Each structure stands twice: as C-alpha cells, then as structure tokens.
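Results of the structural survey
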Amino acid sequence: MPGILRRNAVNKQVVADVVEEYSEALLKGEDKSRQLLERYPETSGVVADLFALTNRLYEALVPVEPSHQFVAELKANLANLRASTLLSTARRGFQSRLPARTRIASPRRTFLSIIAGVALVTSLVGSIVMLVALLVGRGRRRHPAAVA
C-alpha cells in the first residue's frame, strides 16, 4: 500500500478516514462507496480495492452471539484470574517498593543463603581449631616437660 499511495500522491490519513467511514456505513447496512468516491475523487484508485476487501471481510466475519453458559463461565474464569493476578501484582509491588537490602527473598534463595552462612561459619571455626591445634602442637614440641 505505501507504493500505491506514493504513486498516486494520496494522503494516507485521507485514505484511512475514507475506509473508516465506509466500514462504519457498512456495519449500519449502508453502501456509501459511490458517495465517498464522489466526495474524495483523488482516492478512487486506492480505496476501490480497499472497499472490495472491506466487503469481503464484512461478509466473512459473521457476528456471533455467545451462549449464556459461555458468558457465565468466562466471567467466573476472568474473576478468578483477576483475583490471582491482583494478588501476585500486589506481592510484586510490595517487594519492589522495599530497598534492595530488605526485599523478601524466595524460600530457595533464603535456604541457600542459610547453607552458605553455615558453611562459612563452619569453615571459620575449623580454621580456628586447626590454628589452636597447630599452636598447641608447637608448644609441646618446644617444651616437652611442661606438657607432661
């Protein structure tokens, strides 16, 4: 369509407005193609094909009236979805307003943090025990009589 509009030097907005007006009239059961082509003769080369396409779409897309059961189930599903979405959005919104240091972590992340802390403390205690054992062992070797 951009090539057609450039060749015919037709304003895109004018074409869009003409097709929109034609579509609205078609939905009301009216055919305004002749009146629109007379009112906007500069668009005739472009909109004639668009009118034909609009007619084919109008004929193919038949309005459907949903059953009452379908509407009721859809409302219930949307209400449930909305409630769960609001709850999760509220949780995310609450956490996003907290400073980075105080945000609530996921249970898995909390568990891994605890394990890492325990491992760090255990490593530190083990290092201290090894250092004390090394110092005590040196002291025994230097002063064998003081130990016995």
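Our structure is the block above this text.
Residues numbered from 1 in each chain as written. Predicted model: local features only at pLDDT ≥ 70, side-chain atom pairs only at ≥ 80, totals over all residues. Heavy atoms only, no water.

**Comments concerning the overall build of the protein**
In terms of helices and strands, the protein carries 7 helices and 0 strands. Counting from the amino terminus, helix and strand elements in the protein follow one another as α-α-α-α-α-α-α. With an accessible surface of roughly 12,500 Å², the protein has 62% of that area assigned to carbon and sulfur atoms. (Helix = DSSP H or I, 4+ residues; strand = E, 2+ residues; numbered from the N terminus. Areas by Shrake-Rupley, 256 points an atom, 1.4 Å probe, with all protein chains shown as cover.)

**A short note on helix α4 (residues 44-60)**
In a regular helix each residue adds 1.5 Å, so 17 residues correspond to 24 Å; α4 covers 24 Å between its end C-alpha atoms and thus fits that length. Those residues of α4 lying buried are V46, V47, L50, F51 and T54. One face of α4 carries all of its buried residues, which in axial projection span an arc of 125°. Residues D49, R56, E59 and A60 are exposed on α4 and point more than 90 degrees away from its buried face. (Expected span 1.5 Å × (residues − 1). Buried < 20%, exposed > 50% of the residue type's maximum accessible area, 1.4 Å probe, protein only. Arc of directions from axis to C-beta.)

**Quick word on the nonpolar core**
In terms of nonpolar packing, the biggest core is built from 10 residues, these being V15, V18, V19, Y22, L26, L36, V46, V47, L50 and F51. When contributions to this core are tallied by element, the ones reaching two or more residues are α2 (12-27) and α4. Of the residues forming this core, the biggest block, 5 residues, is contributed by α2. In contact with V19, other than residues within four places in its own chain, are V47, L50, F51 and T54. (Core = buried A, V, L, I, M, F, W, Y, C linked by side-chain atoms within 4.5 Å. Contact = heavy atoms within 4.5 Å.)

**Notes on the packing of aromatic side chains**
Across all of its chains, the model carries 1 aromatic pair by this definition. Their ring planes at 25° and their centres at 4.1 Å tell us that Y22 and F51 sit as a pair that is stacked. Within this pair, whereas Y22 is found in helix α2, its partner F51 is found in helix α4, the two being separated by 29 residues in sequence. (Phe/Tyr/Trp six-rings, centres within 6.5 Å; stacked < 30°, edge-to-face > 60°.)

**Comments concerning the side chain of S33**
Mapped onto the secondary structure, S33 falls in helix α3 (residues 33-39). At 3.0 Å, the side chain of S33 and the side chain of D31 are in polar contact. If near-sequence neighbours (up to four positions away) are discounted, S33 is found in contact with Y22 and F51. (Polar contact = N/O pair within 3.5 Å; in protein donor to acceptor, adjacent residues only side chain to side chain.)

**Looking at a nonpolar patch on the surface**
A grouping of F70, V71, L74, L78 and L81 is seen on the molecular surface, where their side chains present a nonpolar patch of about 430 Å² in accessible area. With respect to the helices, strands and loops of the structure, V71 is situated in helix α5 (residues 68-97). (Patch = residues over 30% accessible without salt bridge, like charges linked within 9 Å, V, L, I, M, F, W, Y side chains within 5 Å. Salt bridge = Lys/Arg side-chain N within 4 Å of Asp/Glu carboxyl O.)

**Points about α2**
Between its terminal C-alpha atoms α2 stretches 23 Å, which fits the 22 Å expected from 16 residues at 1.5 Å a residue. Taken residue by residue, α2 has V15, V18, V19, Y22, A25 and L26 as its buried positions. For α2, the angular spread of the buried residues around the axis is 125°, confining them to a single face. Two to three positions downstream of the cap, the backbone nitrogen of Q13 sits 2.9 Å from a side-chain oxygen, assigning the N-cap of α2 to N11. Following α2 by one or two positions, G29 has its phi on the positive side, about 90°.

Treat this as a map of the structure, not an account of what it does.
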